[in-house]
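In case you want the letters, here they are:
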Number of protein chains: 2
Amino acid sequence: MVSATRPAGAATVPALPLPPCAATTSAPLAILPPIDVPAAQRHMEGHDHATRAAVLAVMAGSPTFRLHPGESKEVERARTAARWAELAGAGLFVDTVAAADAAAGRAKLDAIHETASLLDYSLCIGMSVHFSLFGGSIAALGTPAQAAAWLPGVEALTMRGCFALTELGHGSNARGVETEARYDAAADTFVLHTPTDAAQKYWIGGAATTARWAVAFAQLYMPGEAASRGVHAFIVRIREDDGALVPGILLADCGYKVGLNGVDNGRIWFSHAPVPRGHLLARYARVDAAGVYTCDAPSPDALFGVTMSALSGGRIGIAASGVGQARVALAIALRYALRRRAFAATPTTPETLLLDYPMHRRRLLPRLASTVVHQTALNDLKARWGRALSAKDGHVASCGFKSIMTWHALETMQVAREACGGQGYKSENRIGVSRAALDISATFEGDNTVLLQQVTKSCLASYARGGKSGGRWSGALEHLNHPLPLPPPIASMAFAVYTLRRAEATLLPRLAAAIAASAAEPGATPFAAFTAHQVAADAVAQVHTQLLLLVAFMSATGTGGGGGGGGGTARVPRSLRPLLDTLGTLHALAVVDDNAALLRVGALSPADAAAVHDAIDGLCTALRPHAAELAAVMTVPDFLLAPIAFDVVAHNSRARL
Amino acid sequence: MVSATRPAGAATVPALPLPPCAATTSAPLAILPPIDVPAAQRHMEGHDHATRAAVLAVMAGSPTFRLHPGESKEVERARTAARWAELAGAGLFVDTVAAADAAAGRAKLDAIHETASLLDYSLCIGMSVHFSLFGGSIAALGTPAQAAAWLPGVEALTMRGCFALTELGHGSNARGVETEARYDAAADTFVLHTPTDAAQKYWIGGAATTARWAVAFAQLYMPGEAASRGVHAFIVRIREDDGALVPGILLADCGYKVGLNGVDNGRIWFSHAPVPRGHLLARYARVDAAGVYTCDAPSPDALFGVTMSALSGGRIGIAASGVGQARVALAIALRYALRRRAFAATPTTPETLLLDYPMHRRRLLPRLASTVVHQTALNDLKARWGRALSAKDGHVASCGFKSIMTWHALETMQVAREACGGQGYKSENRIGVSRAALDISATFEGDNTVLLQQVTKSCLASYARGGKSGGRWSGALEHLNHPLPLPPPIASMAFAVYTLRRAEATLLPRLAAAIAASAAEPGATPFAAFTAHQVAADAVAQVHTQLLLLVAFMSATGTGGGGGGGGGTARVPRSLRPLLDTLGTLHALAVVDDNAALLRVGALSPADAAAVHDAIDGLCTALRPHAAELAAVMTVPDFLLAPIAFDVVAHNSRARL
């Protein structure tokens, strides 16, 4: 039935410059000096410090922002709305989506969303859907006139919007949405219609109760044409401003979710709903007054690619929320581990602090290191977004980072909850409740597994281009052009880069060859040929994304001794270098330790793997004296922590009953 | 600060018979015949089929058992109580804790708890706390007269009890509880007292509202003695039968948790509460009418060990609930993957079923295979519990299985939820809500990480005994006596056994040597010496438990060609052998693939690891045609599935609004 042999493609791997793998010992790391916590906190925040401080001030000062577990979704939604209103009342949204400097406006919004997500992911998502997805679609897909007409209302919250892309029948494959927009020349309107129950818009955040407008994505049919012109975006009123129903629009509630119940996800059916011609977002495609359709993109598929590029930025926001919530969980768990004791060496000695157990350090500290690396790489990506970064590189990074970072965050929050024992399971201690809210991030705005396949597809395209150009690879694959140097010391970021590159240099050509072999089979389609090798494709994406992430960290911080090809753009204060070097190294070791593919493919020897595994414990032990500072580096103000981050006995005392 | 070299212990590893590691190809597996689903379902249930059917009939037939997400804890608790009352009303608890045949009574209770947990983990835990922990303590720690006096009331629910062991300050280290029981000779009573806020009983299921009695664990002080006689168990009234307060008892609510809010976890303070002398559970220790204390155990520590053995059975129940809930999640996700489509090869071909994506199969099917292996091994453990199994072996198995199986279940439910996309996040689709409820199982009745350390301590003790006897190892370490045979074919359970044994044969002696070296350092304690090597100890426990589990499966099913040392106790119908052989093999491959320690330690070569990794895909592909049957093998009746296991579009249709 099955035989355990290598796939046929393995034999056809082209030779690439791979030096032998050899165990080396690292130079001992320098002793870590005291941490410059304020500088580290600024580094973690990255940008818009004043805005973040203003959001925190509103949240800290208002009873509306206290936590109330166990409420009905109606109460939770009302509370989310009240919080949003208080942020608006403080004037925080001025100069965001309607700002003259669009990039500055986006950065300010990011800062608001990220800070809100430290407390309440529903609040973050509710605002993101309105400002970044609804408003962002108008900004990205609308004409300048449309943007000028609508964005001020979006910013002022007088035009409350939602983002109606996903359908019950089409989630990941958004290109296949079935909602129809038929242009009616006589009436000079589009008519939106939901042809089947599978085509109902589904999961639309804000649609259940709060939104008055939607940006609705639909297949555009011009008169007399049987074929769609592709997916287009329309600004559609779904409720009157007073909440009254609108003819042709049917709305329903998606009901309870595992978390995030402050967001009113809803369902939309269109019943021959008329939409003015001017409400087609017309930056790339439009219908003129004579009823003539024109499009700047060469094909419906190309138009879809442009249209969906608005989503890439959303993925960065999701990754950022994940990293932020992991920071909260780690700060709480670390502080608990610095107070909580269990078991003693002898009946007369005090019990041992949790953080003095090697397993406890091992569970928390490598994840803390990765969280700092992720935050840094993400801040760097945001800074380069739309500027130094091509659309393609931005797409790859946003897909890869979103997947790796949300999974990392969910795993970190799970480990942090377990590290706090039963207390981690209490709602008031936040970790578990936040984890339940963040859980959806693994599958929304792109299922992580599907997004990683997109990373690999991009790698394969780059690899094919390199092959066609006679074996000159460029961009993120530039390393394939050079023989790798001798292996660097094991306890270094350079060793992880070296190992990941070795792995990529084998996995990627092998995958390309295997797909080519499958594609050459009779009756094969490119889709089937790629699909057959999904598991190997996933391994490529994991390696490629970890490389991107680590190199971005090294480049942005000037750490790692330049072995990562960092351009020395180093924007961090010199006082942070030892900390970032140590955490970067711990992260790098954990990435190598975590990935058995590196061993299977021969990029890492078993002896080196054992040395990496052991070096992690050494670094965790070395960081132990800095644990309280590291908790502070997570950059979470006290009011966003939890009772177990302070005196848990006093909090639970009889006197407080 | 840290250098990446092997720990000192590595050099002192004694030579053990390890043949060289060599890549081999497996014989192709026979084609899997159609699955005998009814036989497989009986196999999964294991025992007490009629009782399970009776519980399912009550649950299927009553509106009380419909699901209502998003309720307050008060409503959820009331619903749990109503469900319990309906089961009691059906006479299901007759002949359980008070049965003449105690083992049969326990098996019947297990069947009831396991079946309840398929729907509502709160119901399962609420009942388990009362029957298995409260009633089980009376049965295990009480005299025959005490059992006769109290167990009928426990069975009839007229004496509703809770289990008051954990304190705010002492969870994992229950030996350190601080609650005091002082014998007052003049009054011939014990006086229970909570000396500090840290000593309040905490997380006590049932204490917030429902329980009237507690088995309370306290340090016993005899008159005039400063030292405790150790932890003893007392039957204490905490509320009147009508719910009224009792003098000397203060109760409070633990509040909201991430899940499991149908269980009313509470807190208890004792204020010099008098407890009759006869309410000390007196099987192993007692105070006679003359006020004289006698104890059958040689020391307070030994008494504690005996006292806590009542908990081991509880761990099996927790593992069983985990496996059961993983089965529900897998049944739902598999059925969804057999209906849901996404992406097409060409615009004119139908979209692809999720289960026709190799990544999707890879995420679900190995976990399904492990779930079947876990269920089988657990059924086998229950059958041997208290009979063919020593107390020590039972303790090791219950600690190891509980840890591995609950983590596996939580991971499986997470993957299943992600495999269902946003629908998996909807409360009505059950997976996420069940996962949140089960989450606590990773840390209650023993933190998994701590329990695994206990597995390793037992291995070390066995290893030391073998060493002292001149190198003759026995029991689960018997394999250390023999040179391992040549490696079996890779796609076999025998290969996993071979590889895990190779790893254990290196990891365990290395750990023992490292601990010995640490213990020999000046000022070292045995506690500190063991603690210093916790991370290596964890690896030993993982390998040892997976071995126990796989060998138990092979032995209980007669599969795997006898390479696992199975005694051929095979209690399964011949028609199931091909299925169990295939699933056992897939599980075995996944266990090897999952554990990089096997590569690091040299028990698995990189080439073999690659072959194992690839063989998993082959087996998943081979199982694809059987997917619908495999969903049925999960043994979950339709009414316990979820809307997405059926026609999701019809369920969400406009007509149903």
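Residues numbered from 1 in each chain as written. Chains lettered and ligands numbered in written order. Predicted model: local features only at pLDDT ≥ 70, side-chain atom pairs only at ≥ 80, totals over all residues. Heavy atoms only, no water.

A.B. asks: Help me understand the overall build of chain A in this model?
C.D. replies: Scanning chain A from N- to C-terminus turns up 20 helices and 13 strands. Principal axes of the C-alpha set define a box for chain A whose edges measure 85 × 75 × 50 Å. Relative to its 657 residues, chain A shows a buried fraction of 61%. Taking all contacts inside chain A whose residues are at least 6 apart in sequence as the whole, residues at least 24 apart take part in 73%. On chain A, roughly 22,400 Å² of surface is accessible, and the fraction owed to carbon and sulfur atoms is 59%. Computing the positive centroid from 56 side-chain charges and the negative centroid from 51, chain A places the two 4 Å apart. (Helix = DSSP H or I, 4+ residues; strand = E, 2+ residues; numbered from the N terminus. Buried < 20%, exposed > 50% of the residue type's maximum accessible area, 1.4 Å probe, protein only. Contact = heavy atoms within 4.5 Å. Areas by Shrake-Rupley, 256 points an atom, 1.4 Å probe, with all protein chains shown as cover. Lys, Arg positive; Asp, Glu negative; His and termini not counted. Charge placed at Lys NZ, Arg CZ, Asp CG, Glu CD.)

A.B. asks: What should I look at first to understand helix 1 (residues 37–45) of chain B in this one?
C.D. replies: Three or four residues apart is the spacing at which side chains of an α-helix point the same way, because the helix has 3.6 residues per turn. Those residues of helix 1 of chain B not exposed but buried are Val37(B), Ala39(B), Ala40(B), His43(B), Met44(B) and Glu45(B). Positive backbone phi, at 85°, marks Gly46(B), one or two positions downstream of helix 1 of chain B.

A.B. asks: Sorry, what's going on with the relation of the copies chain A and chain B here?
C.D. replies: Look at the two chain copies: a rotation about an axis and a shift along it is all it takes to match them. Screw-axis analysis of chain A against chain B gives a translation of 0.0 Å along the axis, an RMSD of 0.0 Å, and a rotation angle of 180°. On the angle and the small slide along the axis, the relation comes out as a two-fold axis. Closest approach to the rotation axis among the C-alpha atoms of chain A is made by Ala596(A), whose C-alpha sits 2.8 Å away. Take the interface residues of chain A: 100% of them recur as interface residues in chain B, which is what a same-surface contact looks like. (Least-squares fit on C-alpha atoms with pLDDT ≥ 70 in both.)

A.B. asks: Mind showing me how you'd approach the sheet that holds strand 4 (residues 201–205) of chain B here?
C.D. replies: By way of backbone hydrogen bonds, the strands of a sheet pair with one another, either parallel or antiparallel. Residues and elements named next belong to chain B. Read from one edge of the open sheet, 3 strands run 4-8-7, paired in antiparallel fashion. Edge strands, defined here as strands with exactly one partner in the open sheet, are strand 4 and strand 7 (249–253). Pairs of neighbouring strands in the sheet enclose a mean axial angle of 35°, with direction left out of account. Here 3 bridges tie strand 4 to strand 8 (residues 265–270), and the two strands are oriented antiparallel to one another. Residue pairing across strands places Lys201 opposite Ile268, the latter belonging to strand 8. (Pairing = 2+ DSSP bridges. Axes fitted to C-alpha atoms, helices over the stretch in contact; angles between N-to-C directions.)

A.B. asks: What am I meant to see in the environment of Ala631(A) here?
C.D. replies: All names here are of chain A. Within the secondary structure, Ala631 is located in helix 19 (residues 627–633). Note on Ala631: relative accessible area 8%, which makes it buried. For the pair Ala631 and Ala329, spaced 302 residues apart in sequence, the C-alpha to C-alpha distance is 9.9 Å. Beyond its immediate sequence surroundings of up to four residues, Ala631 is in contact with Ala331, Leu334 and Arg335.

A.B. asks: Sorry if this is basic, but what is going on with the domain arrangement of chain A here?
C.D. replies: A common measure of how large an interface is: the accessible area buried when the components associate. All names here are of chain A. Partitioning chain A into domains gives domain 1 (46–156), domain 2 (161–298) and domain 3 (311–643). Between the C-alpha centres of domain 2 and domain 3 there is a distance of 37 Å. Each partner contributes to the interface: domain 2 provides 6 residues, whereas domain 3 provides 6 residues. Three residues, Ser172, Val258 and Leu260, lead the burial of domain 2 against domain 3; their summed loss comes to 71% of the area buried on that side. Summed over the shared surface of domain 2 and domain 3, the number is 0 salt bridges. Across the domain 2-domain 3 interface, the total number found is 0 residue pairs in polar contact (both at pLDDT 80 or more). A breakdown of the residues in the side of domain 2 that touches domain 3 according to their chemical character gives 4 nonpolar, 2 polar and no charged. (Domains from an automatic or database assignment. Buried area = accessible area lost by both parts, 1.4 Å probe. Salt bridge = Lys/Arg side-chain N within 4 Å of Asp/Glu carboxyl O. Polar contact = N/O pair within 3.5 Å; in protein donor to acceptor, adjacent residues only side chain to side chain. Nonpolar A, V, L, I, M, F, W, Y, C, P; charged D, E, K, R; others polar.)

A.B. asks: Honestly, the sheet that holds strand 8 (residues 265–270) of chain A in this entry has me stumped. Any pointers?
C.D. replies: Residue and element names in this part refer to chain A. Strands sit in the order 4-8-7 across an open sheet of 3 strands; the sheet is antiparallel. Unpaired on one side and paired on the other, strand 4 (201–205) and strand 7 (249–253) mark the two borders of the sheet. Recorded for the sheet is a direction-independent mean angle of 35° between the axes of neighbouring strands. The sheet contact formed by strand 7 and strand 8 spans 5 bridges and is antiparallel. Bridge pairing in strand 8 links Asp253 to Gly266.

A.B. asks: It is not clear to me how the interface of chain A and chain B should be interpreted in this structure. Could you clarify?
C.D. replies: The interface is formed by 108 residues belonging to chain A together with 108 residues belonging to chain B. Of the roughly 9,200 Å² buried at the junction of chain A and chain B (both faces included), carbon and sulfur atoms supply 61%. On inspection of chain A and its partner chain B, the count reaches 4 salt bridges. Measuring nitrogen to oxygen at the nearest pair gives 3.3 Å for the salt bridge that ties Arg600(B) to Asp593(A). The interface formed by chain A and chain B includes 54 residue pairs in polar contact (both at pLDDT 80 or more). Counting residues per element, the side of chain A that touches chain B draws most heavily on helix 18 (residues 606–623) of chain A, which supplies 12 residues. By residue class, the composition of the side of chain A that touches chain B is 54 nonpolar, 32 polar and 22 charged.

A.B. asks: Just to check I follow, could you spell out the pattern of salt bridges for this structure?
C.D. replies: Close approach of charged atoms allows side chains with opposite charge to pair. Throughout the structure, instances matching the rule amount to 49 salt bridges over all chains. A salt bridge links Asp253(B) to Lys73(B); the nearest nitrogen and oxygen atoms lie 3.4 Å apart. Of the two residues, Asp253(B) is situated in strand 7 and Lys73(B) in helix 3 (residues 73–89); the sequence distance between them amounts to 180 residues. The structure contains a network of salt bridges with shared partners spanning Lys73(A), Glu74(A), Arg77(A) and Asp253(A).

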